[in-house]
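# Report on the structure
Residues per chain, in single letters:
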Amino acid sequence: MERATPPTPGLPAAGGRARLFKIFYDEASRASIQAPFEPLDNRDGRADWFELWPMMTWLERNPLEDGVWYGFFSPKFPQKAGVSLDDVARVLAGAPEADVALFTYDWLIPVQSLNAWTQGERWQPGLIAATEAFLASREQPVDLRAVSADLDDTVLSNFFVAKKRVWEDWLALARAYFDYVERGGPDLLDLRLVEHNSRHDYPLKVFVQERLICWLLHTRGYAVARPDYLAEPKFGSRALRLKAEWILQAKARRRRSGARGSGPLQRLLSRLPPRA
């Protein structure tokens, strides 16, 4: 009889397993981590880079296995994403061929905004200019105000789970951005302190780095899985979900037609019903 393979850490998933890490910064955040999450120590990490530092360093030091899902999360996941671990397991189990699964913070952001960069620009001015400058330095010039995005190419807070191909792409982009900022000098726009959650000590680079995955989603053609926000009542009232679907369809038509900007959409975006 063939000997059973010893169990490995993680969440069972379609065609393999998922290794989900939670980043901790002190003993209190370490104590909050429970299975199936694995603790990822960032007590001595670069605090100014937030989640990018432990994600990048772990990926650089550990080989990835084919077919395994990996995710790296702050202690606020999954509650901040409005999902449960059962939701995560269900999405992964239902998408064996997907490259990446998205569990974004606030699923209405890609409904209400043209894209993740225009959304961020409202709260952290300079985000678009900083991102465009970095991409231009990689010979990828883009007008981010002309990019239309939806639920399949938007995720915030790095709340995604992905397989080897995606993480290799992300690591290359994250390392390039890290080096770009570290070598850019004290006047680099990315180092400007901006407001977030009533604090004024967040470097702009934090908000650029959390959208690196959005650029990959926009350009790489990954197979994407995610919760069905438009179908499940837990994600909002029927009126809200129907209106969100209508807006996403309007955005898709504009994208297919090659229309630029979000002006004609603003009247739609401002009329979403309440969540409940």
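Quick summary incoming for the structure in this document. (Residues numbered from 1 in each chain as written. Predicted model: local features only at pLDDT ≥ 70, side-chain atom pairs only at ≥ 80, totals over all residues. Heavy atoms only, no water.)

## What about the overall build of the protein chain?
Quick reminder of the rule: The helix and strand labels rest on DSSP assignments: H or I over at least four residues marks a helix, E over at least two residues marks a strand, and numbering proceeds from the N terminus. Buried means the residue's accessible area, taken with a 1.4 Å probe over protein chains only, is under 20% of the maximum for its type, while exposed means over 50%, and partly exposed covers the values in between. Residue contacts are defined here by distance: any two heavy atoms, one from each residue, within 4.5 Å place the two residues in contact. Surface accessibility in these figures is a Shrake-Rupley result with a 1.4 Å probe; residues are shielded only by whichever protein chains are displayed.
Within the protein chain, the secondary structure is distributed over eleven helices and nine strands. Looking at the protein chain as a whole, 52% of its 276 residues qualify as buried. For the protein chain, contacts bridging at least 24 residues in sequence account for 72% of all contacts bridging at least 6. Looking at the protein chain as shown, the accessible area adds up to about 13400 Å², and 50% of this sits on carbon and sulfur atoms.

## A word on helix α6 (residues 127–137)
Applicable threshold: Starting at the helix axis, one direction is taken to each C-beta atom, and the arc is that of these directions.
Here α6 has its buried residues at Leu-127, Ile-128, Ala-130, Thr-131, Phe-134 and Leu-135. Axial view of α6: buried residues confined to an arc of 165 degrees, hence all on one face. Glu-139 lies just past α6 and shows a positive phi near 60 degrees.

## Some remarks on the packing of helix α2 (residues 52–61) against helix α7 (residues 164–182)
In plain terms, the rule: Axis definition: a line fit to C-alpha positions, over the contact stretch in the case of helices; interaxial angles, taken between N-to-C directions, run 0 to 180 degrees. Roughly parallel means an angle under 35 degrees; roughly antiparallel, over 145; roughly perpendicular, 65 to 115; everything else is oblique. Two helices cross in a left-handed way if the nearer one is turned anticlockwise from the farther one by less than a right angle. They cross in a right-handed way if the turn is clockwise. Here the nonpolar group is Ala, Val, Leu, Ile, Met, Phe, Trp, Tyr, Cys and Pro; Asp, Glu, Lys and Arg are the charged ones; every other residue, Gly included, is treated as polar.
Two numbers describe how α2 lies on α7: the axes approach to 10 Å, and their chain directions differ by 120 degrees. The pairing of α2 with α7 is recorded here as oblique in orientation. The element α2 and its partner α7 pack so that their crossing is left-handed. Contacts between α2 and α7 pair Leu-52, Trp-53, Met-55, Met-56, Leu-59 and Glu-60 from the former with Trp-167, Trp-170, Leu-171, Ala-174, Arg-175 and Phe-178 from the latter. Classifying every residue of the contact of α2 with α7 by side-chain character gives ten nonpolar, no polar and two charged.

## Some remarks on the packing of aromatic side chains
Heads up, the rule is: Whether two aromatic rings pair depends on their centres lying within 6.5 Å, for rings of Phe, Tyr and Trp, where Trp uses its six-membered ring; planes under 30 degrees apart make the pair stacked, over 60 edge-to-face, and the rest tilted.
The tally for this structure, following the rule as stated, stands at 24 aromatic pairs. Taking 3.9 Å as the distance between ring centres and 5 degrees as the angle between the ring planes, the aromatic pair formed by Phe-73 and Phe-77 counts as stacked. Taken as a pair, Phe-73 and Phe-77 share a single burial class, namely buried. Ring centres of Phe-134 and Tyr-177 lie 5.0 Å apart, and the angle between their planes is 70 degrees; this geometry places the pair in the edge-to-face category. Taken together, the residues Phe-134 in helix α6 and Tyr-177 in helix α7 connect sequence positions 43 residues apart. With respect to class, Phe-134 is no different from Tyr-177; both count as buried.

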